[in-house]
Amino acid sequence: QVQLVESGGGLVQTGGSLRLSCVASGSIPSINAVGWYRQAPGKQRDLVAQINSGGRTNYADSVKGRFTISRDNAKNTVYLQMDSLKPEDTAVYYCNVDQKVGEDARSGLPLIYEHWGQGTQVTVSS
């Protein structure tokens, strides 16, 4: 059984930095992508940053130039370095792993199973 555990959240003032870590307790075959999402109170869960199996990264426009996603496959860990934090970055941050489990017979697109961590709170004070 795979467990994803996030850490590194906390309280920081505007302009500060945090580094989030997500550690997988077990191996996951056929990983399509790993990433970070965040959810503020009363809002939907949105993609923050993602890195796919080929190493390509995607970032939300709101964090481009400030956040960096990276991974250490040997340690089964993905990181999110967050710099120049703003109050609007305040949210619960969730680690996500997309595992390919098959292909859709009609479209040929991959079928993905999503693994989620429990989240870590990031609070940025004004």
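As shown above, the structure is provided for reference.
Residues numbered from 1 in each chain as written. Predicted model: local features only at pLDDT ≥ 70, side-chain atom pairs only at ≥ 80, totals over all residues. Heavy atoms only, no water.

**Description of the sheet that holds strand E8 (residues 77-82)**
One key point about sheets: their strands pair by backbone hydrogen bonds, in either a parallel or an antiparallel sense. With antiparallel pairing, 4 strands are arranged side by side in an open sheet as E1-E3-E8-E7. Where the open sheet ends on each side, the last strands, each with one partner, are strand E1 (4-7) and strand E7 (67-72). Ignoring strand direction, the axes of neighbouring strands in this sheet form an average angle of 15°. Pairing between E7 and E8: 6 bridges, direction antiparallel. Note on E8: the bridge partner recorded for Phe 67 is Met 82. (Pairing = 2+ DSSP bridges. Helix = DSSP H or I, 4+ residues; strand = E, 2+ residues; numbered from the N terminus. Axes fitted to C-alpha atoms, helices over the stretch in contact; angles between N-to-C directions.)

**Concerning the side chain of Asn 96**
Relative to the helices and strands, Asn 96 resides in strand E9 (residues 91-103). When its relative accessible area of 0% is taken as the criterion, Asn 96 is described as buried. A polar contact of 3.5 Å, which involves the side chain of Asn 96, links it to the side chain of Asp 98. Leaving out residues up to four positions away in the same chain, Asn 96 has contacts with Ala 33, Val 34, Gly 35, Tyr 37, Glu 114, His 115 and Trp 116. (Buried < 20%, exposed > 50% of the residue type's maximum accessible area, 1.4 Å probe, protein only. Polar contact = N/O pair within 3.5 Å; in protein donor to acceptor, adjacent residues only side chain to side chain. Contact = heavy atoms within 4.5 Å.)

**Some remarks on the pattern of salt bridges**
All told, the structure shown has 4 salt bridges when counted by the stated rule. When the shortest N-O distance is used, the salt bridge between Asp 61 and Lys 64 registers 3.0 Å. The same class applies to Asp 61 as to Lys 64, namely exposed. Two residues, Arg 66 and Asp 89, come together in a salt bridge whose shortest N-O distance is 2.8 Å. Highlighted residues: Arg 66 in the loop between strand E6 (57-59) and E7 and Asp 89 in the loop between E8 and E9, separated in sequence by 23 residues. (Salt bridge = Lys/Arg side-chain N within 4 Å of Asp/Glu carboxyl O.)

**Some thoughts on the pairing of strand E11 (residues 120-125)**
Covered by surrounding structure in E11 are Thr 120, Val 122 and Val 124 only, the residues Gln 121, Thr 123 and Ser 125 on the alternate face being uncovered. One ladder, built from 3 bridges, connects E9 with E11; its direction is antiparallel. Directly across from Tyr 93, in E11, lies its bridge partner Thr 120.

Honestly, it's all geometry; don't read function into it.
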